[in-house]
Amino acid sequence: MGYAFVYIAFAACLISTILYIIVSKGNEKALKAARGFFHLSVIMTISSAAFLLYLIITHQFDYTYVWSYSSRDLPFNLLMSTFYAGQEGSFHLWAFMMAVLGIFLLSFLIARDRQYVLSNHTSNRDLYEPVVMAIFASIQTMLLFTLVIKSPYLKVWESFPGDVQFGFIPEDGRGLNPLLQNFWMTIHPPVLFAGFSSLAVPFCFAVAALIKNRYDRWMKLALPWTLFAGMVLGVGIMLGGFWAYGVLGWGGYWGWDPVENSSFVPWIIVIAAIHTLVAEEKTGKFKKTSLILCILGFILVLYSTFLTRSGILGDASVHSFVDPGQEVYMFLIVFLGSYLLLGLGLILYRLKSLRSPAKETSELLSRESALFVGAVTLCASALVIGVGTSWPILSKGTVDIAFYNKMNLPLAILIAAVNGISILLAWKHTESSRFLKSLYFPLIITVVVAAALAIFAVRDVLILALAAASIFAFAINLQLILKLITHNSIKAGPYIAHLGIMVLFLGIIGSSKYSVEENLSLPIDEPKNALGYTLTYKGATPIKGESDEKYHFNVVVEKDGKGYLLQPVMFYSEYSQGIMKNPDIANLGVKDIYISPMSLEVGSPYSEEDIVEFKKGDEIDVKGMKVKFIDFDRSKFSQEKMMSGEDNIIGATLEVTAGGKTETVVAEQHLAEGHSQPIPVKMENGDFIFYLTKVSVADAPVAMIAVSDKPLDAASDKETLVLTASIKPLINLVWGGTIIMAIGFFVSLASRRKAFSMKLKAAEKSFNAGHVHANGNGHASNGNGHEKHEAGKEHHAGRH
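Residues numbered from 1 in each chain as written. Predicted model: local features only at pLDDT ≥ 70, side-chain atom pairs only at ≥ 80, totals over all residues. Heavy atoms only, no water.

Scanning the protein for helices and strands turns up 23 helices and 19 strands. Within the protein, the proportion of its 800 residues that are buried is 51%. Accessible area of the protein: about 36700 Å², with a carbon and sulfur share of 62%. (Helix = DSSP H or I, 4+ residues; strand = E, 2+ residues; numbered from the N terminus. Buried < 20%, exposed > 50% of the residue type's maximum accessible area, 1.4 Å probe, protein only. Areas by Shrake-Rupley, 256 points an atom, 1.4 Å probe, with all protein chains shown as cover.)

See the structure below:
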């Protein structure tokens, strides 16, 4: 049955694509059939999704996909989320989202074309439905073909011929990866794929405009969908960040992982497209830029799919899927290449007609010029991230995280500043005196706040510049929002979204640049002071109702008579054959206290006072010695072993000078999936023992080295929890800014929908008034006039 649903959906969508192409050539008789086959494809795609979900919920483990990702002990919400836990299911989720979106798109096109016909009394040649739906249906056809060649309906004996007997039904499944067993697994992927799917729509409108060689309507049709894509994809990306922050335990929400970046770059491009589309709608300029950006946004989604699902980033990203097989790999290249050639080929073909008239120039002091500068800056950021993300394809290594931060910081400053300035400018022309006068209030606010930050908190010049630019834009947007709200206007959406972005920028500055952390060893019931708080480990308690033996490790955090119980989790996972760790967080409004467990030790030959943090190149005085961290020693480390779960060893090369003698010490750490263990290394010319306790490559190579003169057997038998405690200032501004941004997008969409409803009613009223007038003339005329009137009615009906 599953195969039948997929094959019928694929065939119906292919036929619909062909029929819509025929309609676009002028054969309007095929329109009803084109719509019918598209609806059939949608029904079959949704039916297939429902059937796969039924197989998962009812534990049909004879299906390889169900067996691979689900199990009987999963709660219902996580059981449902196994639908998209693997390659086949995630492609199916994408096809499902496209099918649902297609219904709304078809309805949207019918309504917009109807309003256009009523308002302009034009012919069907000016309608967008046939061309747009032909392109959209072709994309859906490609996605459904992916399900044909990589089906989620294979039986276990088909997947493992020779190893599994025909008709064998496993008693239980392998289960879901423990890292995915989280509430956000049920929300983040569907939202992200809804964003990916919605980016196909502006692409379709841009390609349709190029095919028709008409550019007067397309931006009005594409803009609501571009706004929707920006809202949904942006929320989806930040949901992933929130998930990482609360579950993975490394203390951050964005690690510049190649797969994270591959969804972020299309979002940046779509934000740039929104601004050029608005400028084109208002002034008629930048149509070539808008077309390229709308095409590029979807092409980058396909490129993201290739990077994520081809297995090419297997050694560079924790999110990447394994190699999907030669057929899917080649098909992904064809999928990407086909639409890249279609979009960019049409741009080149229409280049002559897309040239701007010689007289069409923009004044520097105008809103459209500022928006164009902002769009170019966004594209520069996307280019930087895109090159860094694609680096594993070009070479064996990956780009250091510091590269992204250093390159994007100046661009973020420019984006924030341009955002504030553009709002104060008028379209086409702005009086310089009026513009300068409008700068007084936001500049005063910015100078006062930036000066306070410089005096009391911020020492980094570029960080201060970003904070100042964000405050400048924040003040301008807030001023306009308050003005529009007092006039009961719903046109505040763009300014609300901008306000959210500036709040997000401020949250990123506080939570990343000014986060502080400390490694602690907490013997049970022994209070320790760290980061201005007193932390006491109170022992472990088992978590009831869990399949794995999970434990809460209870840590009481106290300050000024107030206490918080934080319960980070550690457990051994049968699925990954390793120790899994989840942090716990105390949200204090202006900051978070973040506790991430590292290990539980019965005894240790060193204490947290013995641990020293070294960045690459640092030379630090440690217990009368000069110790310099040269670099990590990867001679015993293998990425392939790490990916396959085999044991690994990584070392830190240290140059130690003591008593006038210098020697090289390589402190090592044993790595296994889910946990690590320092290997003691004693120096040759002394009694000190070196332990590599922690390795980090987040921004720059960092090694945590414990230096102890205690014998290896000097450890106590007291249970000790080793953890990382950190303070995350202003982290709530990151989440709050995202919510405000999404609200701004939603208000903008609502405003456009209301404007369209008003235009449609006006067009219907005008059409009906003309129709009544025609009836009156018909009654007053002779028979010949009556025949003309009937013919006119038929002509209007055809247009309708």
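That was the structure; now back to the text.
Within the fold, S70 resides in the loop between α3 (64-69) and α4 (76-81). Look past the residues within four positions of S70 in its chain and what remains in contact with it is I56, F61, L79, T82, G173, R174 and G175. Within the structure, the side chain of S70 is placed 2.6 Å from the backbone oxygen of V66, a separation counted as a polar contact. (Contact = heavy atoms within 4.5 Å. Polar contact = N/O pair within 3.5 Å; in protein donor to acceptor, adjacent residues only side chain to side chain.)

Let us now look at the sheet that holds strand β9 (residues 591-601). Pairing within the open sheet is antiparallel, and its four strands lie in the order β1-β19-β9-β8. Across the chains shown, the open sheet's two edge strands, defined by having one partner strand only, are β1 (516-523) and β8 (584-587). Recorded for the sheet is a direction-independent mean angle of 20° between the axes of neighbouring strands. Here β9 runs beside strand β19 (residues 720-729); their pairing, made up of 10 bridges, is antiparallel. (Pairing = 2+ DSSP bridges. Axes fitted to C-alpha atoms, helices over the stretch in contact; angles between N-to-C directions.)

Attention now moves to helix α12 (residues 287-309). Its 23 residues place the ends of α12 33 Å apart at the C-alpha level, agreeing with the 33 Å of an ideal helix rising 1.5 Å per residue. Of all 23 residues in α12, 17 are buried, a share of seventy percent or more. (Expected span 1.5 Å × (residues − 1).)

A few words on the nonpolar core. Core analysis: the largest hydrophobic core is formed by 142 residues, its most contacted members being I139, F203, F205, W218 and W267. Here this core takes 14 residues from helix α10 (residues 218-247), the largest share from any one element. Ranked by size, the runner-up nonpolar core spans 23 residues in total, among them F632, L654, V681 and A703. (Core = buried A, V, L, I, M, F, W, Y, C linked by side-chain atoms within 4.5 Å.)

Per the stated rule, a full pass over the model turns up 14 salt bridges. Between D216 and R214 there is a salt bridge, and its shortest N-O distance comes to 3.5 Å. The exposure class assigned to D216 is partly exposed, which follows from its relative accessible area of 41%. Judged by its relative accessible area of 32%, R214 is partly exposed. Taking the shortest distance from any N to any O, the salt bridge between K538 and D525 comes out at 3.9 Å. Here K538, found in strand β3 (residues 533-542), pairs with D525, found in the loop between β1 and β2 (528-530); they are 13 residues apart in sequence, far enough to count as distant. (Salt bridge = Lys/Arg side-chain N within 4 Å of Asp/Glu carboxyl O.)

Looking now at the sheet that holds strand β16 (residues 681-682). Taken together, four strands build an open sheet; the order of strands is β10-β18-β17-β16 and the sheet is antiparallel. The open sheet has two free edges, formed respectively by β10 (611-615) and β16, since each of these has just one partner strand. In the sheet, strand β17 (residues 689-696) pairs with strand β18 (residues 702-708) via seven bridges, with the strands oriented antiparallel. Paired with S696 across the bridge in β18 is V702.

The next thing to look at is the packing of aromatic side chains. Across all of its chains, the model carries 37 aromatic pairs by this definition. When the ring of F51 is compared with that of Y153, the centres are 5.8 Å apart and the planes differ by 40°; the resulting orientation is tilted. With F51 in helix α2 (residues 31-57) and Y153 in the loop between α6 (129-149) and α7 (156-159), this residue pair connects regions lying 102 residues apart in the sequence. Overall, the relative accessible area of 3% leaves Y153 in the buried class. (Phe/Tyr/Trp six-rings, centres within 6.5 Å; stacked < 30°, edge-to-face > 60°.)

Time to look at the packing of helix α15 (residues 367-394) against helix α16 (residues 401-424). α16 packs onto α15 with a crossing angle of 165° between their chain directions and a minimal axis gap of 9 Å. Judged by the angle between their axes, α15 and α16 are roughly antiparallel. Handedness of the α15/α16 crossing: left-handed. Here the contact of α15 with α16 is built from residues that sort into 15 nonpolar, seven polar and one charged. (Parallel < 35°, antiparallel > 145°, perpendicular 65-115°, else oblique. Left-handed = near helix turned anticlockwise from the far one by under 90°. Nonpolar A, V, L, I, M, F, W, Y, C, P; charged D, E, K, R; others polar.)

Taking 1.5 Å of rise per residue, the 30 residues of α10 would be expected to cover 44 Å, and the 43 Å separating its terminal C-alpha atoms lies within 8% of that figure. Taking burial as the measure, the 30 residues of α10 include 25 buried ones, the bulk of the element. Just beyond α10, the residue with positive phi is G249, at close to 90°.

Bringing the confidence of the model for the protein into the picture now. Summing up the model confidence of the protein, the mean pLDDT is 85 and the portion of residues at 70 or higher is 87%. The secondary structure element of the protein with the lowest average pLDDT is helix α23 (residues 783-799), at 42, and the one with the highest is α2, at 96. When the criterion is pLDDT under 50, residues 315-322 qualifies, and its contacts beyond four places in sequence or with other chains add up to 31 contacts. This model gives residues 778-800 a pLDDT under 50, and the stretch forms 15 contacts once residues within four places in sequence are excluded. (pLDDT = per-residue confidence, 0-100.)

With that settled, consider unusual backbone geometry. If you check the backbone angles, L531 has positive phi at about 55° while not being a glycine. Examined against the element boundaries, L531 turns out to sit in the loop between β2 and β3. Owing to a relative accessible area of 27%, L531 belongs among the partly exposed residues under this scheme. Positive phi values are uncommon outside glycine, yet K623 reaches one of about 50°. Structurally, K623 is set in the loop between β11 (619-622) and β12 (625-633).

Running from amino to carboxyl end, helix α1 (residues 2-24) crosses α2 at an angle of 155°, the nearest separation of the two axes being 7 Å. Considering the angle they form, α1 stands roughly antiparallel to α2. Crossing of α1 against α2: the hand is left-handed. Its residues assigned to classes, the contact of α1 with α2 comprises 18 nonpolar, six polar and one charged.

Before going further, it helps to spend a moment on a nonpolar patch on the surface. A surface patch of nonpolar side chains, amounting to about 570 Å² of accessible area, comprises Y440, F441, I444, I445, V448 and V449. Here I445 shows up in helix α18 (residues 440-456). Exposure remark for I445: the relative accessible area of 31% places this residue in the partly exposed category. (Patch = residues over 30% accessible without salt bridge, like charges linked within 9 Å, V, L, I, M, F, W, Y side chains within 5 Å.)

Another point: the environment of P189. Its location among the elements puts P189 in helix α8 (residues 188-198). Residue classification places P189 among the buried positions, given a relative accessible area of 12%. Residues P189 and S90, 99 residues apart in the sequence, show an inter-C-alpha distance of 8.5 Å. Setting aside chain neighbours within four positions, we find P189 in contact with Y84, L93 and W184.

For the rest of this paragraph, the subject is the side chain of E88. Positionally, E88 belongs in helix α5 (residues 87-120). We classify E88 as buried; its relative accessible area is 15%. Beyond its immediate chain neighbours, meaning those up to four positions away, E88 contacts Y65, L147, K150, S151 and P152.

Moving on: the pairing of strand β4 (residues 550-559). Summarising the sheet, β3 and β4 pair through seven bridges and their orientation is antiparallel. Pairing of T541 across the sheet is with H552, part of β4. Across five bridges, β4 lies against strand β5 (residues 562-566) in antiparallel orientation. Following the sheet pairing, V556 is matched in β5 by L565. The hairpin formed by β4 and β5 contains two residues between the paired strands, and D560 there has a positive phi angle of roughly 55°.

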